[in-house]
Every structure is written in C-alpha cells, then in structure tokens.
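Notes for the structure review
What follows is the residue order along each chain.
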Amino acid sequence: MAASTVVRGEDAFKNIFKFYKRKKPPPDFSDVTDFSKGLTSDKIVPAVLDLSAVSDSEAARAGLQPVKTWRAFGLQGYPGFIFISNPFLRGSQPFWIRQCLKTYPQKPNVCNLDMHMSPSDTQDIWGQSVHGLSSPSSGKREPKTLLERLRWVTLGYHYNWDTKTYSANHHTPLPADLHLLSVQISAACGFPGFSAQAGILNYYRHDSSLGIHVDESELDHSRPLLSFSFGQSAIFLLGGVRREDTPTAMYMHSGDVMVMSGQSRLFYHAVPRIVSAPQEQTALEMEGCRMAFSSQDSTVGGALSEEDWVVCTRYIQSSRLNVTVRQVLVPGQSFPETPSPPQKTDASQAGGHQDRQADGERRRRRRCDSVETSER
Ligand SMILES: O=C(O)CCC(=O)C(=O)O
Ligand SMILES: [Mn+2]
C-alpha cells in the first residue's frame, strides 16, 4: 500500500508520518520523491540559481562544487523551497561530519547532555567517545558512548526548548566555517547578505524521528532556513501552512541541502524515519576524503587524522546528522524587552532552574524519539 492511499482529512500529516515511521511491516516507499534521480516527475522543476553570486574558488573554500554544476530543484506547490542534491566536492563531507561530532559539541556550545551532566563531564564528548567508537565491537552489549547519546547541539543564539525563544543574553559565536558555508548557499539561492545567527544540530540514530513542527521562533522570516544532511538518509515530510495539509515525502541523502524560503519558510515539516544509505555511498564519500588527504587537495580545513576518520566512519554507518542554520534578526532588529522575572529565594531559584532544564530535556527527547509526543 503506497502513502497515496493513506486517509486524508484533518489528520493527513499525522497519518502519513505514522505510515513512514512504521517498522513492521515496513512501508511502501514508492511515493517518496528522490531528487538524486533528477527531474523524475512533473512536480519537480529546475531551480534558478544566481551563478555569479559565488565564485568557484569561494565555493571550494566551503567544500562546495562550482554553483553551475549544482543540481537544484523546486517543487510545485511549495514556493521558495529549494532542494540541492549534494553540492559538496567529493571528499569534503567528512570535514563537516567531523565538525558536527568533534568541534561543534564543544563548549561554549550547548547540547542535550548538559541538561543532566556536569560541565566537566560534557567538556570533552569526543575524547570520551573515541575509545568506544574506534575499538572493534566485543560482541557484548556495551554502554553507549557520549557521542552516541548526543541528540542536539545549539550554536550562535542558543535556542531555548522550554520557552521556544532565542535571547540576546544567550549567544556565543557561530562557527566561522559554518557561517561561510551558509552564506554561499544562500547567496547562490538568491539571498545575498544572509547572516547565519543560530544553528541547531540534530543527531539521529536509526530509530529516531522528528515530530511535526514549524520553525517560527526566529524573529525574521524573510530570510531562508538552511538544512544540511550527512550520513544515513532520511524521509523528510514537507506540508503546508496548516498543520493538516497533506505533506510530500522526499529522501534526504548525505550531502543534500534544503533551503526553505518565501512561503515554504513557515511550512510544517517532520522526519518520520531514518533509512539506510547504500553502504557503498557512505564508504565512497569517506574514501574520497582519504584521496584528498593523499593528494593534499585543499578541501575545507584539510584532511582528517586517521583517528578522526575511523570514529567518523563508524558513527556515520548508523547515524544521520542534520544541521539547520537560521537568521534570527534582520539588521537593526532586536529582541523584545522581556519583563524581569519575579524575585525568588535562592532555594526556589535553584529548584526552578533544575526543573526547567529537566523539562526541556524531556520535551526535546520526546521531540526526537517518538511520534505521538515529539511535536515542538
Ligand atoms: O533533520 C531534518 O532534516 C530536519 C530538522 C529540522 O526540521 C529542525 O531542526 O528544525
Ligand atoms: Mn524544522
């Protein structure tokens, strides 16, 4: 039974989400759009890019192919939605994968583990996971490494999962390399002057999902939301402005980039399922990086050390990484004044803080791990 036969109406999005999330029997994927195969249906149209916005050498600095070679698509009925099928140079994805696993989870960035662990325990997530992820499996059930327990990291203006807001007083610099990548993608898509101000990284295991939501916490919706995916593939559902609008299902493979702008910027979306990428594809991409190493090519940030390569390869064999980059404010805009919270005693303040954090973590976990309760 294909998704097109799923009951529509008020619960269309929810029903299609459940359809693709189902484990047994596995769903029929025949209705899933696969942009890597090109213009396979009349709903898919070529997207017009600004070929002069990014020079070939600028693109290469971010690990991207020349813009003229990108395979970029739009989807009828989704104004402002642009899908770029893996525009990365062969061998540059491992650099971004390592950034997501080794660099971006470092302090002062914030991650889900901070919610229930002390700062000293989350100081070196990578260092504490290297041994577990690089030694051969003993065959016994082993405790998960911190990297395997990582679910989200926030960058720049740190998203507050409790209040669903960003604020001026919780901000750290967004990594310059990710800013560069985002500026180039957005410029090529017709958005010069994009400022990457906030990032949310999602770490998906094979059984993770992300519930139906819309990203509207940014104060500015005139700038695009960018999404980068690495590792295992996913089914992505893109709906409309109303929660009940029937979504279109599409694959997101490693290296794929999505731009949600215009009307699509505020469309409901979700990730009901992670699907295995062809083994050869992941291996080929990781090997590409070794070739870059041996030929000393100037891919972003240079080559990976042997240890980094082993850990990233092992991790990515069963996981998916997604990075969304957002512009929160337009120039001249500032956060609204928030009334100062009522004064509390020390004891109630400490308790309240712990509660909020624990609650935030629960909400976030629900958001990542289950259908019924994973809504933002
Ligand atoms: O993982 C994805 O592809 C989507 C992520 C997303 O929608 C989000 O973080 O807001
Ligand atoms: Mn989203």
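The structure reproduced in this document is the subject of the present report. From a predicted model like this one, the values you see are computed outputs, not experimental measurements. (Residues numbered from 1 in each chain as written. Chains lettered and ligands numbered in written order. Predicted model: local features only at pLDDT ≥ 70, side-chain atom pairs only at ≥ 80, totals over all residues. Heavy atoms only, no water.)

For the rest of this paragraph, the subject is the coordination of the manganese ion (ligand 2). Within the first shell, the manganese ion (ligand 2) binds the protein through His213 (NE2), Asp215 (OD) and His269 (NE2), at distances of 2.1 to 2.2 Å. All donors of the manganese ion (ligand 2) belong to a single chain; written as a sequence motif, their spacing is H-x1-D-x53-H. Here the residue aspartate 215 occupies a position in the loop between β7 (210-213) and β8 (225-231), and histidine 269 occupies one in strand β12 (residues 269-275), the gap between them amounting to 54 residues. (Donors = N, O, S within 2.8 Å, 3.2 Å for Na, K, Ca; no water. Helix = DSSP H or I, 4+ residues; strand = E, 2+ residues; numbered from the N terminus.)

This part covers the pairing of strand β2 (residues 72-75). The side chains of a regular strand alternate between the sheet's two faces. Burial of the side chains of β2 extends over both faces: Ala72 and Gly74 are buried on one face and Phe73 and Leu75 on the other. In this structure, β2 lies alongside strand β3 (residues 81-84), joined through two bridges in antiparallel fashion. Directly across from phenylalanine 73, in β3, lies its bridge partner phenylalanine 83. Here β2 hands over to β3 after five residues, with glycine 77 in that stretch at a positive phi of 95 degrees. (Buried < 20%, exposed > 50% of the residue type's maximum accessible area, 1.4 Å probe, protein only. Pairing = 2+ DSSP bridges.)

Once that is clear, we can look at the nonpolar core. Within the largest apolar cluster, 57 residues are counted, with the highest numbers of intra-cluster contacts made by Ile185 and Phe228. For isoleucine 185, the residues in contact, after removing those within four places along its chain, are Leu64, Trp70, Ile84, Pro87, Leu226, Phe228, Val257 and Val259. (Core = buried A, V, L, I, M, F, W, Y, C linked by side-chain atoms within 4.5 Å. Contact = heavy atoms within 4.5 Å.)

Attention now moves to the packing of helix α3 (residues 93-103) against helix α6 (residues 176-188). Two elements in contact, α3 and α6, have axes whose closest approach is 11 Å; the angle formed by their N-to-C orientations is 130 degrees. By the angle between their directions, the pair α3 and α6 is classed as oblique. For α3 against α6, the interelement crossing comes out left-handed. Residues Phe95, Trp96 and Gln99 of α3 lie in contact with α6, whose contacting residues are Asp177, Leu178 and Leu181. Its residues placed into classes, the contact of α3 with α6 shows four nonpolar, one polar and one charged. (Axes fitted to C-alpha atoms, helices over the stretch in contact; angles between N-to-C directions. Parallel < 35°, antiparallel > 145°, perpendicular 65-115°, else oblique. Left-handed = near helix turned anticlockwise from the far one by under 90°. Nonpolar A, V, L, I, M, F, W, Y, C, P; charged D, E, K, R; others polar.)

With that settled, the discussion passes to the packing of aromatic side chains. Applying the stated criterion to the full structure yields 11 aromatic pairs. Look at phenylalanine 19 and tyrosine 20: their rings are 5.0 Å apart centre to centre, the planes differ by 90 degrees, and that puts the pair in the edge-to-face class. Of the two residues, phenylalanine 19 and tyrosine 20, neither departs from the other in class, the shared state being buried. A ring pair is formed by tyrosine 157 and phenylalanine 335, whose centres lie 5.1 Å apart and whose planes are at 75 degrees; its orientation type is edge-to-face. Remark: phenylalanine 335 occurs in the loop between β13 (320-326) and α9 (346-369) and tyrosine 157 occurs in the loop between β5 (152-156) and α6; sequence separation between them is 178 residues. Using a relative accessible area of 16% as the deciding quantity, one classes phenylalanine 335 as buried. Put simply, the rings of Trp152, Tyr159, Trp161 and Tyr166 touch in pairs and so form one group of aromatic residues. Above the plane of the ring of tyrosine 315 lies arginine 205, whose end atom (NZ or CZ) is 5.6 Å from the centre. One residue, arginine 320, lies across the ring of tyrosine 204, its end atom 4.9 Å from the ring centre. (Phe/Tyr/Trp six-rings, centres within 6.5 Å; stacked < 30°, edge-to-face > 60°. Lys NZ or Arg CZ within 6 Å of the ring centre and 35° of its normal.)

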